[in-house]
Amino acid sequence: QVQLVESGGGLVQAGGSLRLSCVTSGITFSAYGAGWFRQAPGKEREFVAAISWSGGSTSYADSVKGRFTISRDNAKNAVDLRMNSLKPEDTGVYYCAAEVAGWGIKRLQVQYDYWGQGTQVTVSS
C-alpha cells in the first residue's frame, strides 16, 4: 500500500518560516520524482515545486521562487519543502505527490501517480 504522509503545517505570521515534510512508503522512492502542490480556499490546486528523482533538478512556481526550497532524502524516503518569507497568499492545504520518474520535471497534477492527504498552512497578516 502506497502512502504519502505530510507534516509540518501550522499557523505562522507573515514573514515567518515553516518546513513541510512528506514521508513515503510502499514505493521505491528513489525511482520517483516528487512535487508539492497547494490549494487555497475557493481556488484550484496549483503547482508549487518539484524535484527530480536524484535531487539534481528542481522547479518552482514563480510565486514562490527565491522563498521556497524543495529537497529530498532518498535514504529516508522523504521530500521536504522549506518555506521562508511566508505571505498570507501562501495560505492553503499543501500536498506532496510522487510520479514514476521519467524525463524532466513534472509540473502538472495529471503527471503524478500518488498523493498525500495534505497539511494545512495558514499565514496571518
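From a predicted model like this one, the values you see are computed outputs, not experimental measurements.

**Brief notes about the pattern of salt bridges**
Okay, step 1: Per the stated rule, a full pass over the model turns up 6 salt bridges.
Okay, step 2: With its nearest N and O atoms 3.2 Å apart, the salt bridge here joins D80 to R19. Taken together, the residues span a long stretch of sequence, with D80 in strand 8 (residues 78-83) and R19 in strand 3 (residues 18-25) at a distance of 61 residues.
Okay, step 3: One network of salt bridges, in which partners are shared, links R38, E46, R67 and D90.

**What to know about the packing of aromatic side chains**
Okay, step 1: Applying the stated criterion across every chain yields a total of 5 aromatic pairs.
Okay, step 2: Note on F37 and F47: the rings are 5.7 Å apart at their centroids and 75 degrees apart in plane angle, and the pair reads as edge-to-face. With F37 in strand 4 (residues 32-39) and F47 in strand 5 (residues 46-51), the pair connects residues that are 10 residues apart, well separated along the chain. Each member of the pair, F37 together with F47, is buried.
Okay, step 3: Joined through ring pairs, the aromatic side chains of F37, F47, Y112 and W115 make up one cluster.
Okay, step 4: Positioned above the aromatic ring of Y95, the side-chain terminus of R45 is 4.7 Å from the ring centre.

**Some remarks on the side chain of S59**
Okay, step 1: Following the sequence through the fold, S59 ends up in strand 6 (residues 58-60).
Okay, step 2: For S59, a relative accessible area of 13% puts it in the buried group.
Okay, step 3: Excluding residues within four positions of it along the chain, S59 makes contact with F47, V48, A49, A50, I105 and R107.

**Focus: the nonpolar core**
Okay, step 1: The biggest cluster of nonpolar side chains holds 32 residues, and the ones touching the most others in it are W36, L81, M83 and Y94.
Okay, step 2: Among the secondary structure elements, those contributing two or more residues to this core are strand 3, strand 4, strand 5, strand 7 (68-73), strand 8, strand 9 (92-100) and strand 11 (119-124).
Okay, step 3: The greatest single-element share of this core, amounting to 5 residues, is contributed by strand 5.

**Focus: the environment of G26**
Okay, step 1: Structurally, G26 can be placed in the loop between strand 3 and strand 4.
Okay, step 2: The exposure class of G26 is exposed, given its relative accessible area of 60%.
Okay, step 3: Separated by 23 residues in sequence, G26 and Q3 have C-alpha atoms that sit 6.4 Å apart.
Okay, step 4: Excluding its chain neighbours within four sequence positions, the residues that come into contact with G26 are Q1 and V2.

Definitions and limits used
- Residues numbered from 1 in each chain as written.
- Predicted model: local features only at pLDDT ≥ 70, side-chain atom pairs only at ≥ 80, totals over all residues.
- Heavy atoms only, no water.
- Salt bridge = Lys/Arg side-chain N within 4 Å of Asp/Glu carboxyl O.
- Helix = DSSP H or I, 4+ residues; strand = E, 2+ residues; numbered from the N terminus.
- Phe/Tyr/Trp six-rings, centres within 6.5 Å; stacked < 30°, edge-to-face > 60°.
- Buried < 20%, exposed > 50% of the residue type's maximum accessible area, 1.4 Å probe, protein only.
- Lys NZ or Arg CZ within 6 Å of the ring centre and 35° of its normal.
- Contact = heavy atoms within 4.5 Å.
- Core = buried A, V, L, I, M, F, W, Y, C linked by side-chain atoms within 4.5 Å.

Function cannot be inferred from these measures alone, as they are strictly geometric.
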